[in-house]
Amino acid sequence: MRNNQLITLLCSLNNIPEDFFNNWWCGIIHFTKEFIKITLIFERQPPSIIKKGKNFGAKIRWLIGSKLDCNMIRGLTGTATIVNEAWLTNEGENRSSEASVTSIFNGVARFEYHRNSEVSATLYSSKLMSISRKMTKRLEKITDEKYALKFSTKITWNNEELDIAVISLPICLTTHQVQDELSTGKIMWDYAFAAKDRQAFQVPDTVQWSQLADALSGLWNSRIGCTLTKDHIKYLYDRVFVEDPSCTEIPMRLISWNNITKDNMPGMNFTFWNWFYKAMKLVKDTYKEAWMSGHILGFIHREKAKGLLEGSRPFTFLFRFSESIEGKFRNLQEVG
């Protein structure tokens, strides 16, 4: 009421139309409410793959929290839940659907003031106890599903209750380690190729090979600690498109998600992604130090490997990834 009286007084003193001032004031109120909402962010995202029954954490920060009334923050808590693509797609519609939301054990966090004026809430040892999925038993369908962590809270500002929520980057939910392979691929594709203003979890089905090569190199770097070389990328290109290894140039080619994860490689009973992921896992789990030291070439054609061994001292050997068996090395040796 006081605001309305102040606006009327100012308008009468300055011959300003009251409608003009009311619109201006409503604009400020609307902007402030939206600003309060969008400044709640994930400072530390949850893991991109969350396994049922395994602890995980995340940190939520309110960028302007120190500017809000301290009484508003004191005792304030937020609740984390898992939402699926249907929940995000139907924004504003049937948001309370239990089929779209999965609860989290230990998913409530309290906002705290810190000495550096930071206002944040941290999820510790949170755990997913169940997963709400579409009715399917196929592994491909299960790992095709993407979810997000939603952290929501409610405050009273300007005599109005504001529901505020922040949504994490897409995540995959698994119940068994065997699902990690496809889930890792799904997350890599999403993080690398999602458009800035996309709807829900939409991603392109097809990208340029050069884009996929950058994504594969980035994933290798995050897991192993170094990027893939140009020779590695050329070898992978030859494996995907069955090209002549003697050709040094990589032409512009399109590749789809199905090409690398659904279609078997020529003459093989596994996909490119099956083969690449298991090669990466082999190095990460057992040979990371040797790879980082340059003692393993891995991604190299058989004939080129033979050429490198020619003229070497007897019993010099070279490791390359098997092309017919997933997650195995082939040992070529110069016997002299």
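The structure we're discussing is the one just above.
Residues numbered from 1 in each chain as written. Predicted model: local features only at pLDDT ≥ 70, side-chain atom pairs only at ≥ 80, totals over all residues. Heavy atoms only, no water.

Participant: Looking at this structure, I do not really get the overall build of the chain. What am I missing?
Facilitator: The helix and strand inventory of the chain stands at 11 helices and 14 strands. Within the span of the chain, comprising 336 residues, buried residues form 40% of the whole. When the accessible surface of the chain is split by element, carbon and sulfur atoms take 50% of a total near 19500 Å². (Helix = DSSP H or I, 4+ residues; strand = E, 2+ residues; numbered from the N terminus. Buried < 20%, exposed > 50% of the residue type's maximum accessible area, 1.4 Å probe, protein only. Areas by Shrake-Rupley, 256 points an atom, 1.4 Å probe, with all protein chains shown as cover.)

Participant: Looking at this structure, I do not really get the packing of aromatic side chains. What am I missing?
Facilitator: Centre-to-centre distance and the angle between the planes together describe a pair of aromatic rings. All told, the structure shown has 25 aromatic pairs when counted by the stated rule. Ring centres of Trp273 and Tyr277 lie 6.2 Å apart, and the angle between their planes is 40°; on these two criteria the pair is classed as tilted. Taken as a pair, Trp273 and Tyr277 lie in helix α10 (residues 272-292) at a separation of four residues, close to a single helical turn. Residue classification places Trp273 among the buried positions, given a relative accessible area of 1%. Tyr277 gets classed as buried once you look at its relative accessible area, which sits at 10%. Judged by centre distance (5.2 Å) and plane angle (75°), the rings of Tyr287 and Phe329 are edge-to-face. Residue Tyr287 is located in helix α10, and its partner Phe329 is located in strand β14 (residues 329-334); the two are separated by 42 residues in the primary sequence. Given the relative accessible area of 18%, Phe329 is considered buried. Of note, Arg239 hangs over the ring of Trp275, and the distance from its end group to the ring centre comes to 4.6 Å. (Phe/Tyr/Trp six-rings, centres within 6.5 Å; stacked < 30°, edge-to-face > 60°. Lys NZ or Arg CZ within 6 Å of the ring centre and 35° of its normal.)

Participant: What am I meant to see in the nonpolar core here?
Facilitator: Among soluble globular proteins, nonpolar side chains are generally buried collectively. Core analysis: the biggest nonpolar cluster contains 39 residues, and Trp209, Phe276 and Phe299 have the highest contact counts within it. Every element with two or more residues in this core is listed here: α6 (180-193), α7 (209-224), α8 (230-241), α9 (257-261) and α10. Grouped together as the second largest cluster of nonpolar side chains are 34 residues, Phe56, Leu76, Leu149 and Ile164 included. (Core = buried A, V, L, I, M, F, W, Y, C linked by side-chain atoms within 4.5 Å.)

Participant: Explain unusual backbone geometry to me, please; I cannot follow it from the model alone.
Facilitator: Excluding glycine, residues mostly carry a negative phi; peptide bonds, for their part, are mostly trans. Even without being a glycine, Asn159 presents a positive backbone phi close to 60°. One can find Asn159 in the loop between β8 (147-157) and β9 (160-167). Even without being glycine, Ala200 reaches a positive phi, approximately 50°. Turning to its location among the elements, Ala200 is positioned in the loop between α6 and β11 (206-208). Owing to a relative accessible area of 24%, Ala200 belongs among the partly exposed residues under this scheme.

Participant: What should I look at first to understand the pattern of salt bridges in this one?
Facilitator: Opposite charge on two side chains makes pairing possible when the charged atoms of those side chains draw close. All told, the structure shown has 16 salt bridges when counted by the stated rule. The closest approach of N and O atoms between Lys154 and Asp163, which form a salt bridge, is 3.5 Å. With a relative accessible area of 44%, Lys154 lands in the partly exposed category. Each of Glu43, Lys59, Arg61 and Glu118 takes part in salt bridges that share partners, so that together they form one network. (Salt bridge = Lys/Arg side-chain N within 4 Å of Asp/Glu carboxyl O.)

Participant: Please clarify how α6 should be interpreted in this entry.
Facilitator: Since the α-helix turns once every 3.6 residues, residues separated by three or four places project in the same direction. Across its 14 residues, α6 extends 20 Å between first and last C-alpha, which sits within 8% of the 20 Å expected from 1.5 Å per residue. The element α6 is largely enclosed, with a buried count of 11 among its 14 residues. Considered for burial, the residues of α6 that qualify are Glu181, Leu182, Ser183, Thr184, Gly185, Lys186, Ile187, Met188, Trp189, Asp190 and Phe193. (Expected span 1.5 Å × (residues − 1).)

Participant: Sorry if this is basic, but what is going on with the layout of surface pockets here?
Facilitator: Over the atoms, a rolling probe the size of a water molecule traces out where space has been left empty. Empty space within the largest pocket amounts to approximately 540 Å³. If you trace the largest pocket, you find 21 residues lining it, with Ile49, Gln177, Asp180, Arg223 and Tyr277 closest to the centre. Looking at the lining of the largest pocket, the elements that each hand over two or more residues are β2 (49-51), β3 (55-62), α6 and α10. If one sorts the elements of the lining of the largest pocket by residue count, α10 sits on top with six residues. (1 Å grid on protein atoms, 1.4 Å probe; cavity = no way out; pocket = protein on both sides within 12 Å on 5 of 7 lines; lining within 4 Å. Points joined across faces, edges and corners; volume = space filled by probe spheres on them.)

Participant: Could you clarify how one ought to interpret the environment of Gly107 in this entry?
Facilitator: Note that Gly107 resides in strand β5 (residues 101-110). Along the sequence, Gly107 and Thr79 sit 28 residues apart, while their C-alpha atoms lie 5.7 Å from each other. Setting aside residues up to four positions removed in sequence, Gly107 forms contacts with Gly78, Thr79, Ala80, Leu123 and Ser126. (Contact = heavy atoms within 4.5 Å.)

Participant: Would you explain a nonpolar patch on the surface in this entry?
Facilitator: There is a patch of nonpolar side chains on the surface, built from Phe31, Phe35 and Ile38 and spanning about 340 Å² of accessible area. Here Phe35 shows up in helix α2 (residues 18-38). (Patch = residues over 30% accessible without salt bridge, like charges linked within 9 Å, V, L, I, M, F, W, Y side chains within 5 Å.)

Participant: I tried to follow the packing of α7 against α8 on my own but got confused; where do I start?
Facilitator: Describing two packed helices takes the angle between their axes plus the distance from one axis to the other. The N-to-C vectors of α7 and α8 enclose an angle of 125°; their axes lie 11 Å apart at closest approach. With respect to each other, α7 and α8 are oriented oblique. Seen along the crossing, α7 lies across α8 with a hand that is right-handed. On the side of α7, the interface is formed by Trp209, Ala213 and Leu216, while α8 contributes Ile233, Leu236, Tyr237, Val240 and Phe241. Tallied by class, the residues present in the contact of α7 with α8 amount to eight nonpolar, no polar and no charged. (Axes fitted to C-alpha atoms, helices over the stretch in contact; angles between N-to-C directions. Parallel < 35°, antiparallel > 145°, perpendicular 65-115°, else oblique. Left-handed = near helix turned anticlockwise from the far one by under 90°. Nonpolar A, V, L, I, M, F, W, Y, C, P; charged D, E, K, R; others polar.)

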